[in-house]
Amino acid sequence: MKVGQVRLRRFANTVANGYFCSVIKFNNSPIMRKKIVAGNWKMNTTVPEGKELAEAIVAKLSTVPSDVQLIIAPPFTHLCCAGKAIKGTSIALSAQNCADQPKGAFTGEVSAAMLKSIDCTYVILGHSERRQYYGETSATLVAKIGLALENGLKPIYCIGEKLEEREAGHHFDVVKAQIEEVLYTLTPEQMSQIVVAYEPVWAIGTGKTATSEQAQEIHAFVRKTIAAKFGQQIADDCSILYGGSCKPSNAKELFAQKDIDGGLIGGASLKADDFVAIAQSY
Ligand code: 13P
């Protein structure tokens with residue numbers, strides 16, 4: 001912290017809009033950013049299994065600190081059913097993707113408007129698996145984020161480098177490009193609706209987690225890159241989540257880092273006990 005900066009952190013159970021925020025004072029201007037633990041179920045569970053999982057998370061919700069926003073992102077087929085299971089609780093619903101077109105003859109696609117109509121609050125966009133297996137480019141993601149925002153969804157925009165990019169020392173350049181090519185097209189108002197998830201591709205589903213120092217270093221860089229375009233306040237208000245083999249045993253150390261505002265959890269979000277234990281790490 002720089003001299004002269006007054007920084008008071010307190011956690012307010014701000015229930016406005018059903019969200020929970022950290023309230024931080026920085027240069028006397030209040031900063032609101034949410035602590036978030038989001039479960040990306042990917043293509044796992046049948047609908048009955050998903051319903052059971054959502055209900056099990058709801059049953060344990062009272063053990064989660066009240067300033068942590070839980071989000072579940074089940075497959076499309078589960079959204080209505082899982083949405084019913086979490087209705088009336090503070091858990092928010094997210095989709096894992098949306099179409100890059102508003103509507104029409106796009107067989108197999110699901111639009112942002114459809115997701116909004118079933119009470120989704122968030123949508124995960126730009127996950128490395130979408131970029132890698134489905135050829136999603138920055139141009140696709142600009143379109144998807146635009147449609148998500150137009151329809152009142154909050155994008156969880158995923159970024160992160162591949163193993164060879166980290167080994168070559170290019171990880172900062174890779175995430176900078178992923179931010180500049182997509183997020184820099186937004187207005188400040190739009191940017192204030194974005195959650196960023198840093199997920200190093202080499203850590204996803206591999207059991208290899210970034211060390212807390214590696215994660216903090218890049219999270220701070222992400223925040224600085226956002227600040228360079230949108231200003232410090234918007235950057236400070238942006239929740240930046242870590243994803244990649246996050247589990248109960250490593251969440252505490254990761255979440256203790258100054259610029260890590262929670263996690264985007266894959267495998268460990270499929271067990272209610274583990275998912276909740278991660279959220280309890282705060
Ligand atoms: P794992 O937690 O299974 O490594 O997956 C992380 C992820 O990709 C979340 O989006």
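Structure: above.
I will try to describe carefully the structure that is included in this document. As the structure is a computational prediction, the values presented were derived from the model and not from experiment.

Definitions and cut-offs
- Starting afresh in each chain, residues are numbered from 1 along the sequence in its written order.
- Local features are withheld for residues below a pLDDT of 70 in this predicted model, meaning they are given only at 70 or higher, and side-chain atom pairs are given and counted only at 80 or more; totals for whole chains, interfaces and linings count all residues.
- Excluding hydrogens and water, the side-chain values take into account all heavy atoms of the structure.
- Working definition: residue near molecule or strand if any one of its non-hydrogen atoms lies within 4 Å of it.
- Pairing of N or O atoms within 3.5 Å defines a polar contact, subject to two protein rules: one partner must be a possible hydrogen donor and the other a possible acceptor, and residues neighboring in sequence count only if both atoms are side-chain atoms.
- Surface accessibility in these figures is a Shrake-Rupley result with a 1.4 Å probe; residues are shielded only by whichever protein chains are displayed.
- Only DSSP runs of H or I reaching four residues or more are called helices, and only runs of E reaching two or more are called strands; each is numbered from the N terminus.
- The classification of residues rests on relative accessible area computed with a 1.4 Å probe and restricted to protein chains. Under 20% of the type maximum is buried, over 50% is exposed, and intermediate values are partly exposed.
- If DSSP finds at least two bridges between two strands, the strands pair.
- Handedness rule for crossovers: strands pointing away from the viewer, path from the first strand over the helix to the second running clockwise, crossover right-handed.
- Between two residues, a contact is recorded if the distance between any of their heavy atoms is within 4.5 Å.
- Buriedness for pockets is judged along seven lines, at least five of which must meet protein on both sides within 12 Å for an open set on the 1 Å grid over protein atoms alone, while cavities are sets there where a 1.4 Å probe fits but cannot get out, and lining residues have an atom within 4 Å of a point.
- Grid points are joined across faces, edges and corners, and a volume is the space filled by probe spheres set on the points.
- Each residue gets one label: Ala, Val, Leu, Ile, Met, Phe, Trp, Tyr, Cys and Pro are nonpolar, Asp, Glu, Lys and Arg are charged, and the others, such as Gly, are polar.
- Between N-to-C directions, angles cover 0 to 180 degrees, with each direction set by a line fitted to C-alpha atoms, over the stretch in contact for helices.
- The scheme is simple: roughly parallel for angles under 35 degrees, roughly antiparallel for over 145, roughly perpendicular for 65 to 115, oblique for anything else.
- Definitions for this section: a left-handed crossing has its near helix turned counterclockwise from the far helix by less than a right angle. A right-handed crossing has that turn clockwise.
- We count a salt bridge whenever a side-chain nitrogen from Lys or Arg sits within 4 Å of a carboxyl oxygen from Asp or Glu.
- For this analysis, a nonpolar core means a set of buried residues of the types Ala, Val, Leu, Ile, Met, Phe, Trp, Tyr and Cys, connected via side-chain atoms within 4.5 Å.

The local shell around the ligand consists of Asn40, Lys42, His127, Glu199, Ala203, Ile204, Gly205, Gly244, Ser245, Leu264, Gly266 and Gly267. In the model, an oxygen atom of the ligand is placed 2.8 Å from a nitrogen or oxygen of the His127 side chain. Gly205 has a polar backbone atom sitting 2.6 Å from an oxygen atom of the ligand. For the ligand, the protein covers 95% of the area, taking 310 Å² as the surface of the free molecule.

Bringing unusual backbone geometry into the picture now. Phi angles above zero are rare outside glycine, and Thr45 is one such case at about 75°. Topologically, Thr45 is positioned in the loop between strand 3 (29-40) and helix 1 (47-60). The class for Thr45 is partly exposed, based on a relative accessible area of 27%. Non-glycine residue Asp119 carries a positive phi angle of around 70°.

So, on to the pairing of strand 6 (residues 122-125). Side chains Tyr122 and Ile124 of strand 6 all project onto a buried face; the interleaved residues Val123 and Leu125 project onto the opposite face, where all are buried too. In this structure, strand 5 (residues 92-95) lies alongside strand 6, joined through two bridges in parallel fashion. Following the sheet pairing, Ala95 is matched in strand 6 by Val123. Crossover strand 5 to strand 6 through helix 3 (residues 112-117) is right-handed. In the sheet, strand 6 pairs with strand 7 (residues 154-159) via four bridges, with the strands oriented parallel. Note that in strand 7 the partner of Tyr122 across the bridge is Lys154.

So, on to the side chain of Glu136. For Glu136, the position within the fold is in the loop between helix 4 (128-133) and helix 5 (138-150). Of note is the side chain of Glu136, whose polar atom sits 2.5 Å from the side chain of Lys144. If near-sequence neighbours (up to four positions away) are discounted, Glu136 is found in contact with Asn97, Gly126, Arg130, Arg131, Leu141 and Lys144.

What follows is about the side chain of His219. Its location among the elements puts His219 in helix 9 (residues 212-230). Classification of His219 as buried rests on a relative accessible area of 0%. Setting aside its immediate chain neighbours within four residues, His219 contacts Tyr198, Ile240, Leu241, Tyr242, Asp259 and Ile260.

Turning next to the environment of Val174. Mapped onto the elements, Val174 comes out in helix 7 (residues 171-182). Its relative accessible area of 15% is what places Val174 among the buried residues. Along the primary structure Val174 and Ile159 are separated by 15 residues, whereas in three dimensions their C-alpha atoms are 8.5 Å apart. Look past the residues within four positions of Val174 in its chain and what remains in contact with it is Gly160, Glu161 and Glu165.

Looking now at the layout of surface pockets. Counted as a void, the largest pocket has a volume near 530 Å³. Lining the largest pocket are 18 residues, with Lys42, Met43, Gln96, Arg130 and Tyr134 sitting closest to its centre. Sort the elements by how many residues they give to the lining of the largest pocket and helix 4 lands first, with three residues. Looking at the lining of the largest pocket residue by residue, the classes come out as nine nonpolar, five polar and four charged.

It is worth spelling out the packing of helix 1 against helix 12 (residues 272-279) at this point. Two elements in contact, helix 1 and helix 12, have axes separated by 9 Å at closest approach and are oriented at 40°. By the criterion of interaxial angle, the relationship of helix 1 to helix 12 is oblique. Relative to helix 12, helix 1 is oriented so that their crossing is right-handed. In this structure, helix 1 uses Leu53, Ala56, Ile57 and Lys60 to contact helix 12, whose residues at the interface are Ala272, Asp273, Phe275 and Val276.

Okay, the pattern of salt bridges next. Applying the stated criterion across every chain, the model contains 12 salt bridges. Within the structure, one salt-bridge network assembled from shared partners comprises Arg33, Arg223, Lys258, Asp259 and Asp261.

What follows deals with the nonpolar core. Ranked by internal contacts, the top residues of the largest apolar core, which has 67 residues, are Ile72 and Leu183. Broken down by element, the residue count for this core peaks at seven residues, all from helix 9. The residues touching Leu183, leaving out its near neighbours within four places in the chain, are Ile145, Tyr157, Gln178, Met191, Ile194, Val196 and Phe230. Among the nonpolar cores identified, the runner-up in size contains 13 residues, and Ile36, Ile124, Ile156 and Val195 belong to it.

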